Amino acid sequence: MNAQRFKASDGLEIAYFLDDYTDPWRPADTVILVHAAMGSSIRFYAWVPHLAGVFRVARIDMRGHGATPLPGPDQLSVPRLARDVVELADHLGAQRFHVAGSSAGSTVAAKAAIDNPGRVQSLGAFACTGGIRHGLQDQNSWVRKIGEKGLAAFLRDTIADRVDLKSVEPGFVDWFIAESGKTSVAALERFVPMMREFEFVADLPRIRCPTLAVAPGGDPIHTVEHYRALPERIPDCEFVVYDGLPHNITDAVPDRCARDYRRFLLKNSTTDKHR
Amino acid sequence: MPLSSTMQEMTASDGLKLAYAIDDFSDPWGPQETLILIHAAMGSSRRLYKWIPILSRHFRVVRPDMRGHGRTQIPGPDQLSLTRLTKDVIELADHLGLKRFHLAGSSAGSIVAMRTAIDNPERVLTLANFASTPGLKPSNIDMNKWVNGIKAKGFKSFLEETIEERFPNVQDKGFLKWFVEESAKTDVDLFARFGPMMKEVDYTADLHRIKCPMLNVMPGHDPLGSKAQYEVYRQHVPHSEYIWYDGLPHNITDSVPERCAEDLLKFLLKHKGRA
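We now turn to the structure provided with this report.

What to know about the overall build of chain A
No. 1: In terms of helices and strands, chain A carries twelve helices and eight strands.
No. 2: On C-alpha atoms alone, chain A measures out to a radius of gyration of 17 Å, which is about the 19 Å that the 2.2 N^0.38 rule sets for 275 residues.
No. 3: Considered along the principal axes of its C-alpha atoms, chain A spans approximately 55 × 40 × 40 Å.
No. 4: For chain A, buried positions account for 49% of its 275 residues.
No. 5: Restricting to contacts in chain A with at least 6 residues of sequence separation, those with at least 24 account for 77%.

Shown next, in the form of structure tokens:
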């Protein structure tokens, strides 16, 4: 399938994929997935078949990622990325929608839920803390290393922080690095510090929709205590920990994530559940 | 809601433009296997949308629109024959660079699939036959009655009048309406050529040439084909497997699509990795 595009309110062309195998004669809820920093919505491919038979699934390429270009100096911020999500929903004609994100994408998804309580039906927050600066690593040092060695070499050096090398299939790591490595260093030099600056722990209680927070239990980047910020502050939050897994659960165990997310969505959707 | 698969197009060796959909959410590393899935007479590849979420995580699924159906052009007077339809399958595989592929079809689409497997044993990895005799000659379909009924009343009225016979097991009015609308998109003159052509076909004598693994999924209560008529493969393709859907009439691939796709997936996974 080819990427589709819509024009955001600041003029930037945003790319997205839409997958929909729902029954054509009945309405279906819309789900928007927001990928992590580096790579693109392609990183969610394995989730689609789990979800798209019941939901209309849109995957956005964040600014500077995938087929969405890196915008001008004033056009990259977390509120702007969250607005892109809402404008995609507008473009798709979805007054209300579910949103889920992975890592940096979950920050964007959470921001969309904070700013648009009337529109976001539920939030899926995978590997989400209330701001990445509380983590165990200085992400700004990542940018330095990426600048020195290139993104692929950086990812290869730090891959054990991201995936459990004992359990992923052979071939996964090379694919993951190739896919994530497509993001330009110029984009990450702006994107990572911006994410690091963005702090939203205090806003978490404003998330009024049902939330599923899924945390990696063996993450060298954030402790489970950091991840616990969500269930502690969001009024209606289910918290699931994947024991022993490092940061990138949405890539390394996509089927498990998508199955848990599907179960959560079915519980919280207006879509007919008798199917 | 629109179905989302993007249609692609290729040109057959006789110049006709053939449309097909590709849905693929399989892991991009490691060897990839492709399933070509052929819809029944009337309508198009869209009739198989519900199969995609079940199959496409494991296989690349390619759904052609048969000649005269869906977005594939209507063939000229000399451009419609069973041989030509099987050639389209092989040319589609060539176009996609597939040396070997899995093949499945529903009803008339299965007549094409089986003939393709008979004539191209080196190309077809596995064969799945849903609800078909080896050509319509050995079936109970009164093709003249169908063609005359469609010509006299138009597709929509003909289908509306016979819908209860097709789907006594389906209560969902939305589905029935959609099925009629989707099938009624078929060109009446095309069907008046396509149906009688299939009614001339009987390749029972060639079935013994099917050497690849074969699955037969058969409706157990079909006025169009008796159990004895559908059991012909037991004799000629002794290694083939049978699954009977007790009590169900002909259109199993539309009325219980998920059950069909799950049985197909089990069969395919058993034979995966032999390409």
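Having seen it, we continue.
Quick notes on the overall build of chain B
No. 1: When helices and strands are tallied, chain B shows eleven helices and eight strands.
No. 2: Relative to the globule expectation of 19 Å for 275 residues, the C-alpha radius of gyration of chain B, 17 Å, shows essentially globular dimensions.
No. 3: Across the 275 residues that make up chain B, the buried fraction comes to 46%.
No. 4: Taking the intrachain contacts of chain B between residues at least 6 apart in sequence as the baseline, contacts between residues at least 24 apart amount to 78%.

Re the sheet that holds strand β2 (residues 17-23) of chain B
Residue and element names in this part refer to chain B.
No. 1: Taken together, eight strands build an open sheet; the order of strands is β1-β2-β4-β3-β5-β6-β7-β8 and the sheet is mixed. The sheet terminates laterally at β1 (7-11) and β8 (241-245), the two strands that pair on one side only. Direction aside, the axes of adjacent strands within the sheet are offset by 20 degrees on average.
No. 2: Along the sheet, helix α3 (residues 108-119) contacts β3 (34-38), β5 (101-106) and β6 (124-130); its crossing angle with β5, the most-contacted strand, is approximately 145 degrees.

Thoughts on the packing of helix α4 (residues 143-153) of chain B against helix α7 (residues 188-199) of chain B
Residue and element names in this part refer to chain B.
No. 1: Running from amino to carboxyl end, α4 crosses α7 at an angle of 175 degrees, the nearest separation of the two axes being 10 Å. Compared by their axis directions, α4 and α7 come out roughly antiparallel. Touching Met143, Trp146, Val147, Ile150 and Lys151 of α4 are Val188, Phe191, Ala192, Gly195, Pro196 and Lys199, all from α7.

Re helix α6 (residues 173-183) of chain B
All names here are of chain B.
No. 1: Residues Phe179, Glu182 and Ser183 constitute the buried set of α6. Projected onto a plane normal to the axis of α6, the buried residues spread over an arc of 90 degrees and lie on a single side. Among the exposed residues of α6, those pointing more than 90 degrees away from its buried face are Lys173 and Gly174.
No. 2: Buried positions along α6 lie against α5 (155-166) and α10 (252-255).

So, the pairing of β5 of chain B
All names here are of chain B.
No. 1: By the criterion of burial, β5 is predominantly enclosed, with six of the six residues buried.
No. 2: By the alternation rule, side chains of β5 split into Phe101, Leu103 and Gly105 and His102, Ala104 and Ser106, which are all buried.
No. 3: Where β3 and β5 come together, four bridges link them in parallel fashion. Counterpart to Ile38 in the pairing with β5 is Gly105.
No. 4: As paired strands, β5 and β6 are joined by six bridges and run parallel to one another. Within the sheet, the bridge partner assigned to Leu103 lies in β6 and is Leu127.
No. 5: Following the chain from β5 across α3 to the adjacent parallel β6, one finds a crossover that is right-handed.

Digging into the pairing of strand β4 (residues 56-60) of chain A
Residues and elements named next belong to chain A.
No. 1: Counting buried positions along β4 gives five out of five residues, so the element sits mostly inside the fold.
No. 2: Of the two faces of β4, the one lined by Arg56, Ala58 and Ile60 and the one lined by Val57 and Arg59 are each fully buried.
No. 3: As judged from the four bridges shared by strand β2 (residues 13-19) and β4, these two strands associate in the antiparallel manner. Each bridged residue has a counterpart across the sheet, and for Asp19 the counterpart in β4 is Val57.
No. 4: In terms of strand pairing, strand β3 (residues 30-34) meets β4 through five bridges, oriented parallel. Bridge pairing in β4 links Leu33 to Arg59.

Quick word on the interface of chain A and chain B
No. 1: Tallying the contact residues gives 23 residues for chain A and 20 residues for chain B.
No. 2: Contributing elements (two or more residues each) for the side of chain A that touches chain B: β2, α1 (48-51) and α7 (172-180) of chain A.
No. 3: For the side of chain A that touches chain B, a count of residues per class yields 14 nonpolar, four polar and five charged.

A few points about the nonpolar core
No. 1: Counting residues in hydrophobic clusters, the biggest one holds 148 residues, and the most contacted among them are Ile32, Val85 and Val99 of chain A.
No. 2: Here this core gets seven residues from one element, more than from any other, and that element is helix α2 (residues 78-91) of chain A.

A look at the packing of α4 of chain B against α5 of chain B
Residue and element names in this part refer to chain B.
No. 1: Across the interface, α4 lies against α5 with an axial gap of 6 Å and an inter-helix angle of 125 degrees. Relative to α5, α4 is oriented oblique. Counting all contacts with α4, which are made through Gly149, Ile150 and Lys153, the residues of α5 involved are Phe155, Ser157 and Phe158.
No. 2: Residue classes in the contact of α4 with α5 are distributed as three nonpolar, two polar and one charged.

Thoughts on unusual backbone geometry
No. 1: Phi at Met38 of chain A takes a positive value of approximately 80 degrees, unusual for a residue other than glycine.
No. 2: Positive phi is not limited to glycine here, since Ala131 of chain B has a value of about 55 degrees.
No. 3: As for its position among the elements, Ala131 of chain B is in the loop between β6 and α4.
No. 4: Residue Ala131 of chain B is classed as buried on the basis of its 27 C-beta neighbours within 10 Å.

Concerning the sheet that holds β3 of chain A
Residue and element names in this part refer to chain A.
No. 1: The strand order across the open sheet formed by eight strands is β1-β2-β4-β3-β5-β6-β7-β8, and the pairing between neighbours is mixed. This sheet does not close on itself; its edge strands, each paired only once, are β1 (4-7) and β8 (237-242). Recorded for the sheet is a direction-independent mean angle of 20 degrees between the axes of neighbouring strands.
No. 2: Lying on the sheet, α2 is in contact with β1, β2, β3, β4 and β5 (97-102); it crosses β3 at an angle near 150 degrees.
No. 3: Against the sheet, helix α3 (residues 104-115) makes contact with β3, β5 and β6 (120-126), and its axis sits at roughly 150 degrees relative to β5, the strand it touches most.

Some details on α7 of chain B
Residue and element names in this part refer to chain B.
No. 1: In this model, α7 (twelve residues) spans 16 Å end to end at C-alpha, consistent with the 16 Å of a helix rising 1.5 Å per residue.
No. 2: Among the residues of α7, those classed as buried are Phe191, Phe194 and Met198. Viewed end-on, α7 has its buried residues packed into an arc of 70 degrees, placing them on one side of the element.
No. 3: In this structure, the buried residues of α7 make contact with α3 and α4.

What counts and what doesn't
Residues numbered from 1 in each chain as written. Chains lettered and ligands numbered in written order. Predicted model: local features only at pLDDT ≥ 70, side-chain atom pairs only at ≥ 80, totals over all residues. Helix = DSSP H or I, 4+ residues; strand = E, 2+ residues; numbered from the N terminus. Rg over C-alpha atoms; globule rule 2.2 N^0.38 Å. Buried ≥ 20, exposed ≤ 12 C-beta atoms within 10 Å, placed from the backbone. Contact = placed C-beta atoms within 7 Å. Pairing = 2+ DSSP bridges. Axes fitted to C-alpha atoms, helices over the stretch in contact; angles between N-to-C directions. Parallel < 35°, antiparallel > 145°, perpendicular 65-115°, else oblique. Arc of directions from axis to C-beta. Right-handed = clockwise from strand over helix to strand, strands pointing away. Nonpolar A, V, L, I, M, F, W, Y, C, P; charged D, E, K, R; others polar. Core = buried A, V, L, I, M, F, W, Y, C linked by C-beta atoms within 7 Å. Expected span 1.5 Å × (residues − 1).

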